[in-house]
Structures are given as C-alpha cells and as structure tokens.
Amino acid sequence: MKILIKNIKQLVQTEENPQIKIAGKAMKNLPHIDDAWLAIENDKITGFGKMDDWEGIADWTDLTIIDASDKLVFPCWCDSHTHIVYAGSRETEFVDRINGLTYEEIFQRGGGILNSAKKLNDASEEELTASALKRLNEIMVQGTGAVEIKSGYGLTAASELKMLRVIKKLKTLSPLTIKATFLGAHAVPLEYKERKADYIKLLINEIMPVIAEEQLADYCDVFCEQNYFTKEETFEILTAGKKYGMIPKVHAEQLSNSGGVLAGVEAGAVSVDHLEFVADAEIEALQNSKTMPTILPGAALFLNLQFPPARKMIDAGLPLAIASDFNPGSCPSGNMNTMIALACIQYKMTPEEAINAATINSAYAMGLSETHGSIAVGKQANVFITREISGYSFIPYSFGSNLIETVIINGKIVAIE
Ligand code: NIG
Ligand code: FE
C-alpha cells in the first residue's frame, strides 16, 4: 500500500535530521515546507519535499493519490498523558464544583478518584475495553496518533491489573500506538487511609511483580500531592517500579508545591506532568535533567487552577510537552487541538511552541520520539490532513472548530470526512 499526498499547502514539522526533543528558544522554530508532497509506503514515511523538486513516481501499482491543495499535513498529535480507561462519568461532581465545592473537598467526601474506583470495580474488562475504544476512536479523528494510558482507578490488586490488561488489549484492537502506565499510587483507598504504608507495600510487593511477569506497563506514575503521596513515598514507589522495568513519570505540583518534580528528576523520570505550582527550584532541577516537563492545559482549565509557568520554563531553556490528561474528573476531553489552543491563549506559547510541544516533545514524553512526532523519512506514517485553512496558526486560532479532514495511521486511511 502506497500513498502520495501532493500539492500540500504546508507540510508541517518536517525534519531532515531528526531530533529527539526541542528545547528553549528552538521551540519557536517549526520547520515546514510550502507546496509540498509526502510519500508513504506501508506503515512508514518514505519521502517528502517541494512539489518543484518532485521527480515523479517509478512504480504506480497500488498507489493512492491524495490532492491536498489548500490543505495542511501534520504529523499526528502525541498525547503522553491520559486516563482513557474508566467507567461511568462524573458530571455530578462537575455540578458540585460549580456550586462551590473544591476538587479536594469532593475527594475528602469519598468522591473524585475514589468515585471512579468504585465504578471501575463494578465494570467488566469487556465493558471497559468497549468504552475506552470509543474514546480512542474519538481522539483519533481529532488527530491523535499515539497515546499513553494510565491505570489508577482500580486501587486494588485485582482492579489495577484489570485496567492494565484492558490497556494491553487496546494495544491489539486500536491502530493507535499505545503506551501503558501503572498508576496504582493515584490515591489511597479508604480502607488503607490509616495505614498508607501497607497500601504502598501492596503496590510494590503484590502488584508490581505481576505487572513485570505479564509485561503490563511501560511506565510507573505517582500522584505526588498533599493527601495523596509525599515526595519520599513517590521516590520509593518510582524506585521500586524501575526494578520491575517501569520508567518513572510523576503527577507533580498540580494542586500545591509537593516535591513531585524533584522526586521525579532524582528517579530519572521521562516526564513530570501538570506543574501549576512549579517554582525556581523545580526549573533548576529540570535544567540538569532528561525529564520532559509536561503541561495539561485542559485539566487546569476544567479545575480552574492557576496556570503553570510555561513561558518561564521555555525561556529558561527547558523543553515543554503538551498532553490532554483525558479523564472523567479533571479533563473529560482528549482533543489535542483544544489543548494547543489553550497553551497559546492562556499560557502565551506561540503556535510554533505549542505544536512542537504536542508532537515531538510529547512523543519524547512517551519514549516515541524516534518513530513519531514529526515528518521524517523512516518514521511511522501517522499524519493528518486538514480542511482548507490558511496556515498552521489557524489551528490554535480557530479553537473549538474541527479542522481535520483525513487521518492516516500506520499508512492506512482510518478517518475521512
Ligand atoms: O491528572 N491529578 C490526579 N489525577 C488526574 C485526575 C483524576 C481524577 O480526578 O479522576 C489528573 O488530573
Ligand atoms: Fe493525570
């Protein structure tokens, strides 16, 4: 199967010499080719360039030609932080918050993550797989080509493993590239409230060995926050996770400055996510690390949180990634186009910075930047074609509009309008 996309108005995020991430000032640069072509063979990108330099095709057998006149082609978004496997929804808590309760107060009453855990305990693997698959199809049509999915609504050995087995199943059922993360340390279940150390032992001694045995997770994550897990506990859990082959990630500084970034950097985390309460010490630690700071603008919007210092981090020379955090409690949307718009509108990131953050840098944050996140020869053929638009800045500018017309995943056209 071969695809040639020709007459592309703008081919965005092209790389002759692929980088694994883009940091600081360089994020202002978004390489692109005007009036371009892109060739795909089987599941890989095999060539691209300017229409002027196109020398034609030697072999026309089995070739699909797409004319993208007045349209743009992007590498698919990479969404490095989601909780897409869940049961039910939490709009009653949404209304409770409108009426004045805080996210924290709802959690203290046994709602929030604990509410989702109750619902998930009652759901079968089949039900969870079916509802997650619908959400994966929804984000695929919105241009996402690779996604990380966390456990963390189980909070018992049986339910955490159930979630991870569902994610493993999704890897075979969905064309999207999927990475799995063990987030048993998402909240302390009520029955362990007075003996958190025992819950941590359960995570490390009972659940992690099974995860390693069945190869259920690529990453291990912890919600480092007051009333959830401390900096020290976060480090302990991440360190144990590494012994079982899981690379660390952290939910860090979302509701307060709790030490998540420092614990993550020390443990060698691939990413630290949220970052609303990041201060100078965290920025300094990140400057000397390989950890990708990741912002989740949808969750900050939905919970009315203060914004992370995105501008300050980029100006300090850091790379930055954007992800959706798609989950029933703090961001019931996985639309990466919206996340990019929020980053531009609220955080004063330029369209170039936001698009770098949602492609190559978010690919890095899920260990995929050698195969995803840009248009480069040999990379996975995960691209989308827009409707007729003026240029790449139109995506964040025209927030809320659906501007994607065709999605190609692994060299196959999977969605077309
Ligand atoms: O990333 N902060 C912790 N975890 C999720 C929210 C989980 C929930 O409320 O269900 C987040 O925002
Ligand atoms: Fe999250």
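Report on the sheet that holds strand β7 (residues 144-150), specifying residues and quantitative values.
Spatially, the eight strands line up as an open sheet ordered β6-β7-β8-β9-β10-β11-β12-β13, and their pairing is parallel. Of all strands in the sheet, those bounded by a partner on one side alone are β6 (77-79) and β13 (321-322). Here three bridges tie β6 to β7, and the two strands are oriented parallel to one another. Residue pairing for β7: Asp79 is matched across the bridge by Val147. The sheet contacts of helix α8 (residues 260-267) involve β10 (247-252) and β11 (271-274), and relative to β10 the element is tilted by about 170 degrees.

An account of the packing of helix α12 (residues 336-347) against helix α13 (residues 351-358) is requested, with residue identities and associated values reported.
Where α12 contacts α13, the two axes come as close as 9 Å, and the packing angle between them is 140 degrees. Classified by the angle their axes make, α12 and α13 are oblique. Read as a crossing pair, α12 and α13 show a hand that is right-handed. Along the contact surface, α12 presents Met336, Ile340, Ala343 and Cys344, while α13 presents Pro351, Ala354 and Ala358.

Tell me about the site of ligand 1, and please be specific about residues and values.
Lining the immediate surroundings of ligand 1 are 15 residues, of which Tyr103, Tyr153, Gln254, Asp325 and Ser330 lie closest. A distance of 3.5 Å separates an oxygen atom of ligand 1 from a polar atom in the side chain of His83. Separating a nitrogen atom of ligand 1 from a side-chain N or O atom of His186 is a distance of 2.8 Å. Against a free-state accessible area of 330 Å², the protein chains account for coverage of 100% of ligand 1.

Thresholds, definitions, all that
- Residues numbered from 1 in each chain as written.
- Chains lettered and ligands numbered in written order.
- Predicted model: local features only at pLDDT ≥ 70, side-chain atom pairs only at ≥ 80, totals over all residues.
- Heavy atoms only, no water.
- Pairing = 2+ DSSP bridges.
- Helix = DSSP H or I, 4+ residues; strand = E, 2+ residues; numbered from the N terminus.
- Contact = heavy atoms within 4.5 Å.
- Axes fitted to C-alpha atoms, helices over the stretch in contact; angles between N-to-C directions.
- Parallel < 35°, antiparallel > 145°, perpendicular 65-115°, else oblique.
- Left-handed = near helix turned anticlockwise from the far one by under 90°.
- Near = heavy atom within 4 Å.
- Polar contact = N/O pair within 3.5 Å; in protein donor to acceptor, adjacent residues only side chain to side chain.
- Areas by Shrake-Rupley, 256 points an atom, 1.4 Å probe, with all protein chains shown as cover.

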